Amino acid sequence: MSIVHEQVGQADVFRVSGRIDSSNAGDLENAMIAPIQEGRVTNLVVNLKDVTFLSSAALRALVAALVRTQNNKPAGALVLSDVRPEVYEVFVLGAFTSLFSFFTDEASAVASFPAAE
Amino acid sequence: MHRFVLEQGTVQDLEAIAHFVEEVCAAHAIEGRTIYHLQLALDEACSNIFLHGYAGQSGRIEIEATYTSPLLTLHIRDWGQTFDPDDVPPPDLTLPLEMRPIGGLGIHIIRQVMDRVDYRFDSEHGNCLTLEKAV
């Protein structure tokens with residue numbers, strides 16, 4: 001798994017690639033949570049375009065980061081983009097689809113956050 | 001029969017276990033979503049063994065795969081702490097996010113993608129989890 005973190009407009013984008021399983025889901029969680037805790041990041045887009053496999057460990061990491069953004073003041077959000085059908089199915093199996101907003105591409109996900117005033 | 005044995009397996013071996021599933025599927029012309037389902041079920045089962053059965057330490061794990069059309073059967077053996085998936089209640093997916101328990105999600109996923117989940121234990125052969133799916 002590799003993670004590229006970049007600020008794009010009003011969002012912090014995390015582009016993840018490879019496999020997310022029990023061996024590295026904690027690394028993903030830490031990468032997302034550290035900047036939230038430091039107050040530098042409130043709105044997250046997690047781009048899963050190049051993620052070929054994920055397990056329930058990844059779902060838990062994403063939910064942990066989602067809860068952090070929602071507990072921020074002001075509350076932020078975590079949305080997902082570019083989720084492959086076989087990866088999306090894991091969200092369905094875990095009954096996690098209602099927790100996240102899914103966007104077909106990264107630009108739409110970034111645009112879902114309101115522009116700064 | 002296909003066999004994959006790790007003397008000192010850890011979660012770092014999950015990718016190699018996924019490759020083993022690919023090899024088994026290639027040998028029997030199993031394609032598409034089924035490969036992902038088998039990889040997912042085995043990943044969740046082995047993650048539970050490494051993280052809970054062996055409590056994060058390394059440990060021996062033996063995986064056997066047999067195919068008798070149309071059934072693909074996986075036997076996963078370990079000598080860690082006993083773990084019966086039947087003892088895990090299904091997760092309450094209607095609970096609010098913060099109140100959902102951490103455990104049980106992997107087993108819940110395994111039960112959905114496999115047709116049969118069976119667990120046995122004896123002191124000689126350790127824990128044996130059998131996962132079966134018509135492919």
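A short tour of the structure in this document, coming up. All figures in this text were calculated on a predicted structure; none of them were measured in a lab. (Residues numbered from 1 in each chain as written. Chains lettered and ligands numbered in written order. Predicted model: local features only at pLDDT ≥ 70, side-chain atom pairs only at ≥ 80, totals over all residues. Heavy atoms only, no water.)

It is worth spelling out the sheet that holds strand β4 (residues 116-122) of chain B at this point. Residue and element names in this part refer to chain B. Pairing is antiparallel across the open sheet formed by 5 strands, whose spatial order is β1-β2-β3-β5-β4. This sheet does not close on itself; its edge strands, each paired only once, are β1 (2-9) and β4. Strand-to-strand, the axes of this sheet are offset by a mean angle of 15°, without reference to chain direction. Lying over the sheet, helix α1 (residues 14-27) contacts β1, β2 (59-68) and β3 (71-78), oriented at roughly 175° with respect to β1. (Pairing = 2+ DSSP bridges. Helix = DSSP H or I, 4+ residues; strand = E, 2+ residues; numbered from the N terminus. Axes fitted to C-alpha atoms, helices over the stretch in contact; angles between N-to-C directions. Contact = heavy atoms within 4.5 Å.)

Residue and element names in this part refer to chain A. Along strand β4 (residues 77-81), 4 of the 5 residues are buried, which leaves the element largely enclosed by surrounding structure. After leaving strand β3 (residues 43-54), the chain enters helix α2 (residues 56-71) and then returns to the sheet as β4, a path that is right-handed. When β4 meets strand β5 (residues 101-103), the two strands line up parallel, connected through 3 bridges. Across the sheet, the residue bridging to V79 is S101, located in β5. (Buried < 20%, exposed > 50% of the residue type's maximum accessible area, 1.4 Å probe, protein only. Right-handed = clockwise from strand over helix to strand, strands pointing away.)

Another point: the packing of helix α3 (residues 85-93) of chain A against helix α2 (residues 33-53) of chain B. Where α3(A) contacts α2(B), the axes come no closer than 11 Å and their chain directions differ by 50°. If you check the angle between α3(A) and α2(B), you find them oblique. In the crossing of α3(A) with α2(B), the sense of the turn from one axis to the other is right-handed. Contacts between α3(A) and α2(B) involve A:E86, A:V87, A:E89, A:V90 and A:L93 from the first element and B:R33, B:Y36, B:H37 and B:L40 from the second. A per-class count over the contact of α3(A) with α2(B) returns 5 nonpolar, 1 polar and 3 charged. (Parallel < 35°, antiparallel > 145°, perpendicular 65-115°, else oblique. Left-handed = near helix turned anticlockwise from the far one by under 90°. Nonpolar A, V, L, I, M, F, W, Y, C, P; charged D, E, K, R; others polar.)

Before going further, it helps to spend a moment on the interface of chain A and chain B. With 24 residues of chain A in contact, the opposing surface of chain B contributes 24 residues. The largest contributions to the chain A side of the interface with chain B come from A:R19, A:F53 and A:L93, which together make up 29% of the buried area. Linking chain A with chain B are 8 residue pairs in polar contact (both at pLDDT 80 or more). Contributions of two or more residues to the side of chain A that touches chain B are made by β3, α2 and α3 of chain A. When residues of the side of chain A that touches chain B are assigned to their parent elements, the largest contribution, 7 residues, is made by α2(A). Of the residues contributing to the side of chain A that touches chain B, the split by class is 12 nonpolar, 7 polar and 5 charged. (Buried area = accessible area lost by both parts, 1.4 Å probe. Polar contact = N/O pair within 3.5 Å; in protein donor to acceptor, adjacent residues only side chain to side chain.)

Taken as a whole and judged by the stated rule, the model has 12 salt bridges over all chains. Across the pair A:R15 and A:E106 runs a salt bridge whose closest N-O atoms are separated by 2.8 Å. Linking A:R15 in strand β2 (residues 11-20) with A:E106 in helix α4 (residues 106-111), this pair joins segments that are 91 residues apart in sequence. Overall, A:R15 belongs to the partly exposed group, its relative accessible area being 27%. Overall, A:E106 belongs to the buried group, its relative accessible area being 15%. For B:D43, the salt bridge is made with A:R19, and the minimal N-O distance between the two is 3.3 Å. (Salt bridge = Lys/Arg side-chain N within 4 Å of Asp/Glu carboxyl O.)

All names here are of chain B. Going through the model one piece at a time under the given rule, you end up with 0 disulfides over all chains. Here C128 is not cross-linked by a disulfide; its sulfur's nearest cysteine counterpart is in C46, at 12 Å. Judged by its relative accessible area of 9%, C128 is buried. (Disulfide = S-S within 2.5 Å.)

By themselves these figures say nothing about function.
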